[in-house]
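# Notes for the structure review
Here is what each chain is made of, one letter per residue.
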Amino acid sequence: MQQMQRRGFLQWLTGLLGAAVCSVVGLPGVKYLLESLGRGRRTARVVQRVARLADLTPGRPLLVAVTARKQDAWTEYAQHVVGRVWLVKSGGDGGVQAFTAVCPHLGCTIQAGADGKTFVCPCHRAAFDAQGRRLPSSATGQENHAPRDMDALACRVVQDEQTGEAWVEVTLEQFVPGLRHKVARG
Amino acid sequence: MSNSPASQPHTPTPAAATARRSFFRRLLALAVGGLITLVPGAAGLLAFLDPLFRRGGRARQVPVAPLAAIPDDGVPRQFPVVADRQDAWNSFPAQPIGAVFLRRTPGSEEVLALNATCPHAGCMVAYQPAAESFRCPCHTSRFKADGTRILPCVSPRDLDRLECEVRDGVVWVSYQDFYTGKAQKIARQ
Amino acid sequence: MLERLNRWLDVRLGHRRWWGAWRARTLPASPSWWLTSGSLVFWLLVIEVATGLLLMASYSPSLATAWPSVSYIERTAAGSFLRGVHYYTAQALIVALLVHLIRVVACGIFRAPRELIWVTGLLSLPLVLTWAMTGNPLSGSQQGLAQVAVEAQIVGSTPGVGPTLSRLLLGGEDVGHLTLVRLYFLHVAVVPLAAAALLALHISQVLRHGLAPRENNQQPSAPVPYWPYQSVRNMTVLALVVGIIALLAWRYGAPLGAPADPDLPHHPRPEWYFRALFELRRHFTGEQELIATLLIPTAVLLIFLTFPLWDGLFGRRTASLLRTSTLLAGLAGWGWLTGMSYHRDLYDGEYQASRKQDRIWAERARALAARGVPPTGPAELLRNDPQTQGPLLFARHCATCHPWLDKHGQGLAASEASAPNLYGFGSRQWIEGLLDPERIASDHYFGRTAFAEGEMVSAVQELAAGLEGDELSARRKQLRLAAEALAAEARPPEAPPEARRAAAGRVLIAGELGCTGCHRFHSEGELGTAPDLTGYGSRSWLVAFISDPRHDRFYGERNDRMPAFAPGPDDARNLLSQRELALLADWLISQQAAPSDTPRPTPAAAPQLTSR
């Protein structure tokens, strides 16, 4: 009887010690694997001057790159392209609109259409007009997969302090693709 | 299974035919199996052996320092050898690929160039002005300022001299590494 | 419920039988602490595999990414701890394996039919050493890659196939990207597979033949079951060892030296388990080197492998004695060589200084890496760091004449001191000393230069000449204000009191003190008679001065002995390249801020100049 009790105790003790040893690697292991969740978040917003106003032609959208410092795990890229922006200058008032080149459907980079004025996504032929509005299927003869219009970005014209030139300043943001409404990614 | 003569009772010489067929089958299996193993095996081996087929390692002409940086006081001075470096898939411009000691004896225009790598185990030697000699930090080999060994010395040979010339006030060294641990100076390639 | 699931699984897996067989094992004698070594080796291996797999989730081999990814792992507590466990377990494994081998020899577990137990066990020692050897350099540190270079050189010295093998190991001519990828390939794939095969054979042999009965205790009356009586001992030892490992990993972590850079001076040393071979190499040179690197280790292994044959050769009793003495002699020799090597380093001041310097650089590189590593690789971190390169450049180019020593005499000594001590150059304290009539002619300033009896020295001394009491202290106050004004040229003061004093000083420089009689200071004075004081000690002033002190803006024809380090635009013809000049200037001005509490470079930063 006493022998059985001792045996049971020893079994229990062995298991306990084994569990302790496992936890030494197991717990930090889980923490270590989950830690990547908190690191390397996307650059939330980048405000940048992307083009001189004089470089824009009405009716000719211009694709420009937004660069920022980017940290990819351990590597630091001083000048990394974090997004591309379509700039559209309207003919009448000379105002400038900016759209992120990320397609609201699945996130491919939107290209200029064959006429050089409208936009088309190379992945599933989602088409947009010169103001970034979704074209109805009837206009292109193809189903338009885009769930919403192109995502407009905040944009303003600023004066350079030194040269006095007018520059287009864009606030780059990321939005969740595939949704009907524009939701900022955070 | 082909070894059971009972399954083929009508063959004239059952045992011999079966043995022959079995032999051919084995041969075929061996050939096919061998081929299937060898082709990817050989390809894999070739890929692994790739570094053997890439030969570089010739002496490289590198400008190391202006002559003005080497006073004729007989004291060797260390200079990094900076050249472009190709490393597998990367090309790095202007990287230190090694180091040399340059020395001029009093009144001489001639520059002595020594590879800073110890010929014993490949560590970098350092010059100690107080002792007027080089010392290797690994196994404490010692060399005189002109690179000859101070015996007893674990290094099998003197510090490796490199060809060098002065062109237009700049010292150019023909930089090269040598196999360590050998009594003779054999260029690495 | 659980029982039903267990039964369902058992019908499919048959695990109960397997588990039952494991539990039914009996011990040859009573349970013993001595018997725990085998299980310890096994579980340490399991921990190595588990932590290794976890580290693989973040590690990236290649010269440009290895060190950054390891420093990235080190930046989180859990990652640093896991890497520490991986590191210390490897060392514990080597020790446990040695203990296990000693136990096996002591118990005679190599006699027929157990020869394979002995052979597989013994071969696992070189295999585990190879495992460690391929793992250490993966961090891409200076130390690790220096070790690979030496190992490749040892491999390369093997007659015939040597150069080919070394080339395959390095993946080319010398250490590069492919070296790390290949070591990684060996470390996580080839060696583990070989180890698994060896271990499987070893354990299956142990299960098949059982633990050897003691010679004097052939059949125990009642066999004691292995589980749980031996198991609890195994687990206790394991828990103790893992506890120590965890403590070390948590307290110290695994070391991570500075990233490899052939440009930084370094004293390579192997890990402790290879110190004996390192020491052995001192005694065999040239063509004899193979004796130390290849013949002796192989011979020792072969002698141990033949242990099972000795009974037949010498008779059981003699063989037993011989084996024990061989083992002891081997251990003693190994220990003696190891001890000798450490003893030698302990009294090698240069080596100790180099280790201290290595630690400083390692810390600096890790701090810089936290801000991100350039895509071209981690060597850039220290190569473009003024704090690292400044002292090295100073030692190489300036410290022949200029000392850089604090008031305790620590720093960089000059080999032939003949110019001002530049410690804290451009700071208020330094300039105050320069403008002190009693100190300007001291060795700290112009004492050993051609200006010792020059106009500057006499001008400053005359300012105080014949003054006493209040007049003298008023003059001293004026000079302090001037120093404040000059220091402000490099570092515009932030707080109003200093700014006020600096403004007062500026008026004195151009006025009562008469500095602009010789020096130019902003709109006052002329160039060509003494160094320009506009922007004195600032980065651009320093760069221009070091580039060419003979320039009209500085000493002109009166320049003493200072060389022009970069008189022309062509780097190849200049003593200092533009990049080096910028690093040196950045370091010097960074020392102006608080010259007293900056980290001091150790003499190892300049081994060729300050060998004391």
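Reading guide: rules and limits
- Residues numbered from 1 in each chain as written.
- Chains lettered and ligands numbered in written order.
- Predicted model: local features only at pLDDT ≥ 70, side-chain atom pairs only at ≥ 80, totals over all residues.
- Heavy atoms only, no water.
- pLDDT = per-residue confidence, 0-100.
- Contact = heavy atoms within 4.5 Å.
- Helix = DSSP H or I, 4+ residues; strand = E, 2+ residues; numbered from the N terminus.
- Polar contact = N/O pair within 3.5 Å; in protein donor to acceptor, adjacent residues only side chain to side chain.
- Salt bridge = Lys/Arg side-chain N within 4 Å of Asp/Glu carboxyl O.
- Buried < 20%, exposed > 50% of the residue type's maximum accessible area, 1.4 Å probe, protein only.
- Pairing = 2+ DSSP bridges.
- Axes fitted to C-alpha atoms, helices over the stretch in contact; angles between N-to-C directions.
- Parallel < 35°, antiparallel > 145°, perpendicular 65-115°, else oblique.
- Left-handed = near helix turned anticlockwise from the far one by under 90°.
- Nonpolar A, V, L, I, M, F, W, Y, C, P; charged D, E, K, R; others polar.
- Core = buried A, V, L, I, M, F, W, Y, C linked by side-chain atoms within 4.5 Å.
- Buried area = accessible area lost by both parts, 1.4 Å probe.
- Disulfide = S-S within 2.5 Å.
- Phe/Tyr/Trp six-rings, centres within 6.5 Å; stacked < 30°, edge-to-face > 60°.
- Lys NZ or Arg CZ within 6 Å of the ring centre and 35° of its normal.

Residues and elements named next belong to chain B. Mean pLDDT over chain B stands at 85; residues scoring 70 or higher make up 90%. Segment residues 1–7: pLDDT under 50, and five contacts once partners within four positions in sequence are set aside and those in other chains are kept. In the model output, the complex is listed with pTM 0.84 alongside ipTM 0.78.

All names here are of chain C. Within the secondary structure, Gln592 is located in the segment after helix H23 (578–590). At a separation of 3.2 Å, a polar atom in the side chain of Gln592 contacts the main-chain carbonyl oxygen of Phe425. Residues within four places of Gln592 in sequence aside, it is in contact with Phe425, Gly426, Ser427, Ala490, Arg491 and Gly537.

All names here are of chain C. For the coordinates displayed, the defined rule picks out 41 salt bridges over all chains. Residue Arg111 is joined to Asp311 by a salt bridge in which the shortest nitrogen-to-oxygen separation is 2.5 Å. Here Arg111 is found in the loop between helix H5 (77–107) and helix H6 (115–135), whereas its partner Asp311 is found in helix H13 (residues 307–314), with 200 residues between them in sequence. For the pair Arg111 and Asp311, one class covers both residues: buried. Measuring nitrogen to oxygen at the nearest pair gives 3.1 Å for the salt bridge that ties Arg501 to Glu484. Taken together, the residues span a long stretch of sequence, with Arg501 in helix H21 (residues 496–510) and Glu484 in helix H20 (residues 469–490) at a distance of 17 residues. A residue is classified by how much of its surface remains accessible, and Glu484, at 10% relative accessible area, is buried. Linked by salt bridges that have partners in common, Asp436, Glu438, Arg439 and Arg476 make up one network.

Strand order in the open sheet made by the four strands is S2-S3-S4-S8 (chain A), with antiparallel pairing throughout. A single partner strand is all that each edge strand has here, and the edge strands are strand S2 (62–72) and strand S8 (152–153) of chain A.

All names here are of chain C. Two elements in contact, H5 and helix H10 (residues 229–251), have axes separated by 8 Å at closest approach and are oriented at 130 degrees. Between H5 and H10, the angle falls in the class oblique. In this structure, the crossing between H5 and H10 has a hand that is right-handed. Here Phe81, Gly84, Val85, Tyr88, Thr89 and Ala92 of H5 come into contact with H10, specifically with Val241, Ile245, Ala246, Leu248, Ala249 and Trp250. Residues belonging to the contact of H5 with H10 are distributed by class as follows: 10 nonpolar, two polar and no charged.

Our focus in this paragraph is the nonpolar core. B:Val100, B:Leu102, C:Phe394, C:Tyr536 and C:Leu584 are the most contacted members of the largest nonpolar core, which has 71 residues in total. Other than its neighbours up to four places away in sequence, B:Leu102 contacts B:Val64, B:Ala65, B:Ile70, B:Val75, B:Pro76, B:Arg77, B:Phe79, B:Val111, B:Leu112, B:Ala113, B:Val171 and B:Val173. Judged by nonpolar contacts, the second largest core, of 56 residues, contains A:Tyr32, C:Ala96, C:Val191 and C:Ala319.

When the parts come together, some accessible area is lost, and that loss is often what is quoted as the size of the interface. Facing the 26 residues of chain A at the interface are 40 residues of chain C. Summed over both partners, the interface of chain A with chain C comes to about 2800 Å²; 71% of that surface belongs to carbon and sulfur atoms. In this assembly, chain A and chain C are joined by zero salt bridges. When residues of the side of chain A that touches chain C are traced back to their parent elements, those giving at least two are helix H1 (2–35), S2 and strand S3 (75–89) of chain A.

All names here are of chain A. Among the five residues that make up strand S4 (residues 96–100), four are buried, leaving the element largely enclosed by the rest of the structure. In the sheet, S3 pairs with S4 via five bridges, with the strands oriented antiparallel. Note that in S4 the partner of Val88 across the bridge is Gln97. In this structure, the hairpin formed by S3 and S4 is closed by a connection of six residues, where Gly94 is found at a positive phi of approximately 75 degrees. Summarising the sheet, S4 and S8 pair through two bridges and their orientation is antiparallel. Across the sheet, Phe99 pairs through a bridge with Ala152, a residue of S8.

The assembly contains two pairs of chains in contact; the pair sharing the most contacts is chains B and C. Left apart from each other, chain A and chain B have a closest C-alpha approach of 16 Å.

A few words now on the state of the cysteines. Considering all chains together, one arrives at two disulfides over all chains under this definition. In this model, A:Cys108 is linked to A:Cys123 through a disulfide, with the two sulfur atoms separated by 1.9 Å. Across the S-S bond linking A:Cys108 and A:Cys123, the dihedral sits near -100 degrees, which makes this disulfide left-handed. Separated by 15 residues along the polypeptide, A:Cys108 in the loop between S4 and strand S5 (111–112) and A:Cys123 in the loop between strand S6 (119–120) and strand S7 (127–128) bring together distant segments of the chain. B:Cys123 shares a disulfide with B:Cys138; S-S distance 2.0 Å.

A few words now on the sheet that holds strand S6 (residues 133–135) of chain B. Sheet strands line up and pair through hydrogen bonds in the backbone, either parallel or antiparallel. Residue and element names in this part refer to chain B. Read from one edge of the open sheet, three strands run S5-S6-S7, paired in antiparallel fashion. The outermost strands of the open sheet, each flanked by one partner alone, are strand S5 (126–128) and strand S7 (142–144). Strand-to-strand twist across the sheet, computed as the mean angle between neighbouring axes with direction ignored, equals 35 degrees.

This paragraph deals with the environment of B:Ala183. Within the element layout of this structure, B:Ala183 appears in the segment after strand S10 (170–175). Assessed through its relative accessible area of 40%, B:Ala183 is described here as partly exposed. Contact partners of B:Ala183, with chain neighbours within four places excluded, come to B:Pro156, B:Arg157 and C:Glu287.

Time to look at the interface of chain C and chain B. Facing 49 residues of chain C, the contacting portion of chain B comprises 50 residues. With both chains or domains summed, chain C and chain B bury close to 4000 Å², and 52% of this area falls on carbon and sulfur atoms. In this assembly, chain C and chain B are joined by three salt bridges. A salt bridge links C:Arg573 to B:Asp168, with the shortest nitrogen-to-oxygen separation between them at 2.9 Å.

Another aspect to go through is the packing of aromatic side chains. Residue and element names in this part refer to chain C. Throughout the structure, instances matching the rule amount to 34 aromatic pairs over all chains. Arranged with centres 5.7 Å apart and planes meeting at 55 degrees, the rings of Phe425 and Tyr536 form a pair that is tilted. Linking Phe425 in the loop between strand S4 (411–412) and helix H18 (428–434) with Tyr536 in the loop between H21 and helix H22 (539–547), this pair joins segments that are 111 residues apart in sequence. Given the relative accessible area of 9%, Tyr536 is considered buried. Put simply, the rings of Phe425, Trp430, Tyr445, Phe446, Phe451, Tyr536, Trp541, Phe545, Phe554 and Tyr555 touch in pairs and so form one group of aromatic residues. Above the face of the Tyr226 ring, Arg25 is positioned so that its terminal group lies 4.2 Å from the ring centre.

Residue and element names in this part refer to chain C. For the pair helix H3 (residues 36–56) and H10, the least separation of the axes is 9 Å and the interaxial angle reads 50 degrees. Classed by the angle they form, the pair H3 and H10 counts as oblique. Between H3 and H10 lies a crossing of right-handed hand. Here Thr36, Ser39, Leu40, Trp43, Leu44 and Ile47 of H3 lie close against H10, whose contacting residues are Gln230, Arg233, Asn234, Met235, Val237, Leu238, Val241, Val242 and Ile245.

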